[in-house]
Structure formats: C-alpha cells, structure tokens
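Overview (structure and organization)
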Amino acid sequence: MNKLYHTVVIGGGCLGAACAFSVQRRLGNNRHKVAIIEKKVLGAGLSSRHSAIVRSANASPMATRMAKMATQYWKNLKPLWGVNIPYEQPGAIWIAENTPDSRAESWTALEHMLQQEGIGFAMLAHRDVMDLSRQALKTVPDEIYYYEPDVLQLDSPQILNAMQTAAKKNRIDVLEHCEVIDFAHAEQGISAINTSQGKIFAEHVINAAGAWSAELFAGIGLSIPVALEPVYAANFLVSVDDIPEGMPIIADYVNQAYFRRWRGSILHMHQPRSRNAKDIARSFSRAVMNPEGANVIYDALSFNVTHQQLDNYLGKVINRFPKIGKPVYAGGYHSFFDITPDLKFILGPDTQLTNLYHCLGAGQALKYAPIFGEIIADLIIEGNVTAKSIDIAEFSIDRFSNNDISQYWQSNALKKNSL
Ligand SMILES: Cc1cc2nc3c(=O)[nH]c(=O)nc-3n(C[C@H](O)[C@H](O)[C@H](O)COP(=O)(O)OP(=O)(O)OC[C@H]3O[C@@H](n4cnc5c(N)ncnc54)[C@H](O)[C@@H]3O)c2cc1C
C-alpha cells in the first residue's frame, strides 16, 4: 500500500481525530484527503480512560482562553465535526485549603485572572456549598470553595461513538490496526511514513500520538518530553438520595480527588495530576525503567486494582461524603496522565521538520480537542493561527530545545501552573 495524503494524523485519540476533522473540513470535498493512522482502534488510548469533564480554570491565561472557546465548541460541535455530542452542565466546586502555609493566595490570584478572562469562577460560602450539593458534601472551616458554573460533563463512550461517526461523515481515511514504525526524512521534513501496512506519503504530518510520542520520534532524533503518571480511576455505586443527581463536579484539592456523579447511580473518582516537582521528576525517571513504554495502557493488567488503592480511595469518599457510609465498589481501572515537564501541552509546528505539527495534551486534553483541531488546521491551511486572541508560543516544543528538561519542574513555572 503506497498512498499520498494531504495530511496524515498519527494517533486516533480525541486530539488526532479533532485535528483530522478540522483539516478535512477546511479542505472541503476536493481530492485532498486526510488520514488518521491508529495502531489499535479510534479512541483506544487515553481517550477511552478519562472523566470527560470540560472546564476552563487553568493557571495559564492563554490555556484558560482556549478552554473557554473549546467549551463553546463542545456545546455546538456540528459545524466543526458534523456531529453533536450530548452534554450536561453541572458546574464544578473547587475545594482548597485555607491555612497560612497553603496556597490560598494563589487561588485568589487565579480567581482574578479567570474573571478577567470572562470565566465564571467565584468564592462560595460554606452554606452555598451545602445547598449546591444538597447536604451531601462535608465542609470544614479550614477550607475555601470556588464555583465554576460553566463546567460541562460529557460521556466518554458517547465521545468515542461521535468520533467514529464524524470520521465517516468527514470522509477521513481511518487506518486502524496500522502502526507507524518509523519515518524517512529529508533535509527539512518527513518524506515518508513507514507503517505496518506499508509506506504512506503526506504533505503534512500531525503528531497526535500522545504518550507514545517520545519513543516514536526518538528514532529520527526528535526529543519529545512526555512521561506517564499512573492514576487509578474507580466507580462506586451510590444511592440517588446519598448523592443527588445534578450535583456539581467536585475538584477536591484537599483530598486530592475529583468526584462526579455518573449515569444515575455511580460516583466516579480519581486523583488529579500531581503538581509536585519531585513527583514529576520521578515520572520522567520511571520512563527509563518501563520496557512497555506507553503500551502499558493496553496491558490487561491495567484493569486490576489492589486493596491498598481501593482503601485509599474509600477513605477519600467517606471523608468528603460522610453520609453515604461505606460505598459499594463497582469497578475501576488504571489510566495514565501523559505529562510534560511543565504540565503544559505541546502545540504547534516542530522546529526542525517543517511539515510536522505536534498536538499533545499534557494530561488534560479532552476539553481542548475541538480548539486544538482548529488551531492545527489554521497552521496547516492558513500558515498561522487565525484567532487574534490566541498565541500558542508558550506551548511550542521549542521551549524544551536545550535538553535540560529538569529545569521545568525545578522552576517557578510549574508552581504558577497549578491547575
Ligand atoms: C483518569 C483521567 C481522567 C481524565 N479526565 C479528563 C477530563 O475530565 N477532561 C479532560 O480534558 N482530560 C482528561 N484527562 C486527560 C485526557 O484523557 C487525555 O489528555 C487525552 O485523552 C489525550 O488524548 P490524545 O488524543 O492526546 O491521546 P490518546 O487518546 O492516548 O491517543 C494517542 C493514540 O495514538 C496511538 N498511537 C500511538 N503510537 C502509535 C503509532 N506508532 N502508530 C499509530 N498509532 C499510534 C495510540 O494507540 C492512541 O490511540 C484525563 C486523564 C486521566 C488519566
């Protein structure tokens, strides 16, 4: 099989799919075609193991701005992808410590920044938290609470289903069970993609291979700093009376847990990405000891859980929702945050290979998928980002070019990037 495409996207996760839909839409119905190369099936990677929450709060004003635009896109996806995806808008309650040595000040600064960006994000009184959670949540005096009303909740299987439908509607060539093995590259660009199904040629190549990117591009001398941070996600069966339907998503930075009501009777939870510099350093050091690389995601063992992990999570549930007693475990799995050294995404053109573009999410990408797709399509079709308010310079891969990535988790840059 020797094929020539206008654009080839490597990786059929939510980001790869979004890029493919946006580029193909701009190309219209002409003979130029876009392909997605996916070594498993569409959405099999991290895109099948997330919580499907779309929120805007982010420590980077530019990321916040992009998330706000993405939220609008998610609400009306049809003009972009050709399909709509159902969503709910439960909002989110953020919980933080309010002790002298905590970072309460940084939450106040975040509140100001978000409000300047037009994001609803305001402090809540304890009484309001109780009302919003219909008395399900425990509040304590040493905590502060914020409410972000525009947070959306989608459903992961519905997103995967929509990706399949949109691929057909947009006439994308989806090459599943097709693995990119390596590249032929000329002086300035990728000239051919060698896959398990033969050679493929493309004018433009988008790297949306997420956590696999580091290994995939190492062979041609590109250093893409992405590591895996394991995280356990668990479901518990709860009564509608214990945790009311429509309860806001709880982003609990005191217990280090996200909670959300799901499909009527389930309380879904997992820990957030670690913002601790030492943990990030450890994740990057573990990469060397992981012979499976990112393929650990596809190992059947990643659906196992130890009693210790379960007990840890049960403690968090009981601590935050004391009225529900001991919840009933209803299954769980390991997932992985695909983190970068400064926890920011890698977005934009490669600095060495002119026809290569990176679109990687840094452990928080689902929410950005539609806007990232539009940005990458802008770069490929128009040569620059068309929205005047968006500047992607801070997300360029160029920031890692001096090879000393440890400076990122040692520096203040990380502390500022707290969400
Ligand atoms: C527990 C958890 C909860 C989360 N919740 C949220 C949330 O609520 N909201 C949010 O916005 N984000 C969330 N995230 C983050 C989100 O899941 C990821 O950022 C997102 O799914 C990444 O998508 P992706 O397309 O970049 O990567 P992936 O979905 O991993 O896609 C990469 C694809 O590339 C393919 N691939 C790799 N190598 C090759 C190759 N050589 N050839 C061909 N194909 C290849 C893989 O098979 C894979 O399908 C969460 C993450 C975790 C761990």
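Everything below is about the structure printed above this text.
Reading the values: the criteria
Residues numbered from 1 in each chain as written. Predicted model: local features only at pLDDT ≥ 70, side-chain atom pairs only at ≥ 80, totals over all residues. Heavy atoms only, no water. 1 Å grid on protein atoms, 1.4 Å probe; cavity = no way out; pocket = protein on both sides within 12 Å on 5 of 7 lines; lining within 4 Å. Points joined across faces, edges and corners; volume = space filled by probe spheres on them. Helix = DSSP H or I, 4+ residues; strand = E, 2+ residues; numbered from the N terminus. Nonpolar A, V, L, I, M, F, W, Y, C, P; charged D, E, K, R; others polar. Pairing = 2+ DSSP bridges. Axes fitted to C-alpha atoms, helices over the stretch in contact; angles between N-to-C directions. Parallel < 35°, antiparallel > 145°, perpendicular 65-115°, else oblique. Contact = heavy atoms within 4.5 Å.

**Regarding the layout of surface pockets**
- The volume enclosed by the second largest pocket comes to roughly 460 Å³.
- As for the second largest pocket, its lining consists of 21 residues, of which L228, N290, G293, A294 and V296 are closest to the centre.
- Looking at the lining of the second largest pocket, the elements with two or more residues in it are α7 (213-218), β12 (227-237), α8 (277-286) and β16 (328-339).
- In terms of residue count, the dominant contributor to the lining of the second largest pocket is β12 (three residues).
- Here the residues of the lining of the second largest pocket sort into twelve nonpolar, five polar and four charged.

**Re the sheet that holds strand β4 (residues 92-97)**
- The sheet built from eight strands is open, its strands ordered β5-β6-β4-β13-β14-β15-β12-β16 with mixed pairing. Each edge of the sheet is formed by a strand with only one pairing partner; in this case those strands are β5 (122-124) and β16. Averaged over all pairs of adjacent strands, the angle between strand axes in this sheet comes to 25°, irrespective of strand direction.
- Taken together, the four bridges between β4 and strand β13 (residues 249-252) define a ladder with parallel strand orientation. Residue pairing for β13: A92 is matched across the bridge by I249.

**Brief notes about the packing of helix α2 (residues 61-75) against helix α10 (residues 369-382)**
- Two elements in contact, α2 and α10, have axes whose closest approach is 7 Å; the angle formed by their N-to-C orientations is 105°. Considering their axes alone, α2 and α10 lie roughly perpendicular with respect to each other. Taken together, the residues of α10 that come into contact with α2 (itself represented by M66, M69, A70, Y73 and W74) are A369, P370, I371, F372, E374 and I375.
- For the contact of α2 with α10, the class distribution of residues is ten nonpolar, no polar and one charged.

**Considering the pairing of strand β17 (residues 346-349)**
- Of the strand pairs in this sheet, β17 and strand β18 (residues 356-360) are connected by four bridges, and their pairing is antiparallel. Looking at β18, one finds that P349 is bridged to Y357.
- The turn linking β17 back onto β18 is made up of six residues.

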